[in-house]
4 protein chains.
Amino acid sequence: MDDFSAYTQSTQQVSLKSGTTAVLIVDMLHDFCDPAGAMCLPGAERLYPIQNDLIQSARASGMMIGWIVDAHRPGLRRDREFLKRAQHCLEGTSGINVMPQLDKQNDDFVFIKRRYSAFFGTDLDLTLKDNLIDTLIVFGVVTNICVRSTVHDAFFNGYQVVVPSDACAATGPREQESSLYDIATHFGVVAESQDVLDHLAGKGPLKIWEPKE
Amino acid sequence: MDDFSAYTQSTQQVSLKSGTTAVLIVDMLHDFCDPAGAMCLPGAERLYPIQNDLIQSARASGMMIGWIVDAHRPGLRRDREFLKRAQHCLEGTSGINVMPQLDKQNDDFVFIKRRYSAFFGTDLDLTLKDNLIDTLIVFGVVTNICVRSTVHDAFFNGYQVVVPSDACAATGPREQESSLYDIATHFGVVAESQDVLDHLAGKGPLKIWEPKE
Amino acid sequence: MDDFSAYTQSTQQVSLKSGTTAVLIVDMLHDFCDPAGAMCLPGAERLYPIQNDLIQSARASGMMIGWIVDAHRPGLRRDREFLKRAQHCLEGTSGINVMPQLDKQNDDFVFIKRRYSAFFGTDLDLTLKDNLIDTLIVFGVVTNICVRSTVHDAFFNGYQVVVPSDACAATGPREQESSLYDIATHFGVVAESQDVLDHLAGKGPLKIWEPKE
Amino acid sequence: MDDFSAYTQSTQQVSLKSGTTAVLIVDMLHDFCDPAGAMCLPGAERLYPIQNDLIQSARASGMMIGWIVDAHRPGLRRDREFLKRAQHCLEGTSGINVMPQLDKQNDDFVFIKRRYSAFFGTDLDLTLKDNLIDTLIVFGVVTNICVRSTVHDAFFNGYQVVVPSDACAATGPREQESSLYDIATHFGVVAESQDVLDHLAGKGPLKIWEPKE
């Protein structure tokens, strides 16, 4: 079918201000990223230096840093997610630990989620609003499920969203391209990590990725 | 990257019972489907006979029928969706009319939505629960945005979801395949419309689509 | 038991700015206010002049006006509210009409609700945010159920709330006093209508009601 | 004004089944119950034996037990609740500990909340639904704020609610009576703790409190 991007507003500009922007790092956890994890995405290790650059640049500018942690309560009679997916990220196991290669600090925020979206059944929205945040930089794994679900709800709840494409990994190349295309045309802004870093370093407006079918 | 579908539970069975299943037809509206509409998806007309077969079969079995209608309030200071997309589906215009080719009846339910998801900021969840529904058959346009966003929230809210693949259209072939893959592996069940019809006609268990990368 | 109001912050100041304040008039409907209605609160007519003064003053200053309309879908298998309360305010009946004595204009906003709170299962929050509103003036019937439930959710969602006490009526004098006390100490600010009008007319800071046990 | 209870359905019956009922104990925390706490309600100690009887009887019958814990993130730029109330229940302090006099077990569920309602911005609803719960026994402090706000949202989300009146304490006698009246007429069922215990012990239908103005 035809190209919907023709109808996309081309004028959207996003300016990342330290006092009103938060970085959300989604599900960079042992069970998803470590070869010994319950549901490992091979190759997650290539994301660590890219993500650390973003985190450190954002932290240096005074931005709020939030870690999104998928964690399931053990012993539920019927965890709906486990009807679809193998068991993973149980509370009380090391599966929910953030990968130690990443620069997580004690003062960072942590948000526990039970579903793919970091907004569903969590205090993320109210905490962001109490912290006067209106713009989010979202990345992590996997682009097409938890990152994307979080981006959906961020948009619905009124946040501007920036997704650094190479700081995310999907379950496959088609899913990476397709979810980034959908995000760029309908939910937020996609950019290269280096372009986000350049913008944070004061080198001009954020260079935005052109969605391609 | 690797294949996550290996981690998908293969045991999920869905049985469509008339008393607890609802059909949701998403955004089959003038502005999205008619060549004169504000944001027409070419080729939407091929969906009408397929959708009508599903609607009539479901209605004959006594299932709840719900029409999801994207409708934006005119005159808002800043409609967030119009920051990303060209203006469309304004209340008070014919753009929000359901296409007349479709079998909409007076007793059907109508749900007005303001965002891509039919659950966000609507009475859909409470109405389904007051109507004792736990399973949804969801189709319409576009697969990768409004259908998919609705499927996300249906899953998060605890519903079983069935998506008849050929009763949905995406903004492009990659997006159609990618969203159906994500739905089938993480959010619900994808099936051919004919297989849904056969199951509704009592010809055995629902034949489920195998997700392929 | 003891007085919790000792723990209330005394410093809260509310300034009602036209561009960011909305007036919400709750459930001033035929079924609740007219002697022929399904569930009439005797004496509702004394509220009309007080409410009209507030509405007209707010409208003159350019504030958003929103009418909250309780309306139940007919034919649900189990409307949860009707398990507790006699049937009322059915869609398609005159029971959901706003009382004609009130100054409702065509450009005002209308929000349909299904539960006591105007936020639950509605587009109220997203519409207020798209309209850049952060402060609400809430009044109507009944203070202790629908007004109060709406005030709860307004506070939880981050709005400043002002309740003009004499523009609200409860199901009894104890309930009026008790809900206003709870609102004043925990959810927002209570004031006399005349004091709200004086503040809107530029006669100085809003004079706030002192909660009394 | 007049008596709304005339319109209350008198037929509501609640049967407390172990597999589908959960007990929620609200905010029985150091900062609210201990004389050394930040915001102590004098007399909370009289609730402990009553609550323990309910908890132990429910646990013996196999019911889910959930502890609701008000806990605020330190360091937020603007915690909305602290605009209205003195600072209390900060994460990382002993203020959020459940009172040791109460029979809390390791396998019980704990739900952290940030606002008065245990449903707002938490995983309570999804966890209850994953645990197949449709009925709640809710008690704790204070009746007129956190217990009541939780009861509102429980009703809105479709749960049957039973509130054992003498297992709750309000900020004052008028507020205790008024909130119990509102709950009994609009949101759920109020009963004496002994009558709940008798019902759990199989001594017949739950004896329900008659709301009085």
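Use the structure listed above.
Residues numbered from 1 in each chain as written. Chains lettered and ligands numbered in written order. Predicted model: local features only at pLDDT ≥ 70, side-chain atom pairs only at ≥ 80, totals over all residues.

Asks: Account for the pairing of strand β5 (residues 160-164) of chain D, with residues named and values stated.
Replies: All names here are of chain D. Taking burial as the measure, the 5 residues of β5 include 5 buried ones, the bulk of the element. Here β5 shows no split at all, with Gln160, Val162 and Pro164 on one side and Val161 and Val163 on the other all buried. Inspection of the sheet shows strand β4 (residues 135-141) paired to β5 by 3 bridges, in the parallel sense. Paired with Thr135 across the strands is Gln160, a residue of β5. Crossover connection from β4 via helix α5 (residues 143-156) to parallel β5: handedness right-handed. (Buried ≥ 20, exposed ≤ 12 C-beta atoms within 10 Å, placed from the backbone. Helix = DSSP H or I, 4+ residues; strand = E, 2+ residues; numbered from the N terminus. Pairing = 2+ DSSP bridges. Right-handed = clockwise from strand over helix to strand, strands pointing away.)

Asks: For unusual backbone geometry, give the residues involved together with the corresponding values.
Replies: In this structure, Val142(C) follows Val141(C) across a cis peptide bond, with omega equal to -20 degrees. Here Val142(C) lies in the loop between β4 (135-141) and α5 (143-156).

Asks: Any chance you could break down the nonpolar core for me, citing the residues and the numbers?
Replies: Formed by 128 residues in total, the largest nonpolar core has its most connected members in Val138(C), Val161(C), Val138(D) and Val161(D). Counting residues in hydrophobic clusters, the runner-up holds 127 residues, among them Leu29(B), Ile65(B), Ile68(B) and Ile133(B). (Core = buried A, V, L, I, M, F, W, Y, C linked by C-beta atoms within 7 Å.)

Asks: Give me the packing of helix α2 (residues 47-60) of chain B against helix α7 (residues 193-200) of chain B: which residues, what numbers.
Replies: Residue and element names in this part refer to chain B. Two numbers describe how α2 lies on α7: the axes approach to 10 Å, and their chain directions differ by 15 degrees. Here α2 is positioned roughly parallel relative to α7, judged by the angle of their axes. Remark: the crossing between α2 and α7 carries left-handed chirality. When α2 is examined against α7, the residues Ile50, Asp53, Leu54, Ser57 and Ala58 are found in contact with a partner set consisting of Ser193, Val196, Leu197 and Leu200. For the contact of α2 with α7, the per-class residue count stands at 6 nonpolar, 2 polar and 1 charged. (Axes fitted to C-alpha atoms, helices over the stretch in contact; angles between N-to-C directions. Parallel < 35°, antiparallel > 145°, perpendicular 65-115°, else oblique. Left-handed = near helix turned anticlockwise from the far one by under 90°. Contact = placed C-beta atoms within 7 Å. Nonpolar A, V, L, I, M, F, W, Y, C, P; charged D, E, K, R; others polar.)

Asks: Mind laying out the packing of helix α6 (residues 173-187) of chain C against helix α6 (residues 173-187) of chain D, listing which residues take part and the relevant values?
Replies: Running from N to C, α6(C) and α6(D) cross one another at 105 degrees; their axes reach a closest spacing of 9 Å. Between α6(C) and α6(D), the angle falls in the class roughly perpendicular. Where α6(C) approaches α6(D), its residues Arg174(C), Glu175(C), Glu177(C), Ser178(C), Tyr181(C) and Asp182(C) are matched on the opposing element by Arg174(D), Glu175(D), Glu177(D), Ser178(D), Tyr181(D) and Asp182(D). Split into classes, the residues belonging to the contact of α6(C) with α6(D) amount to 2 nonpolar, 2 polar and 8 charged.

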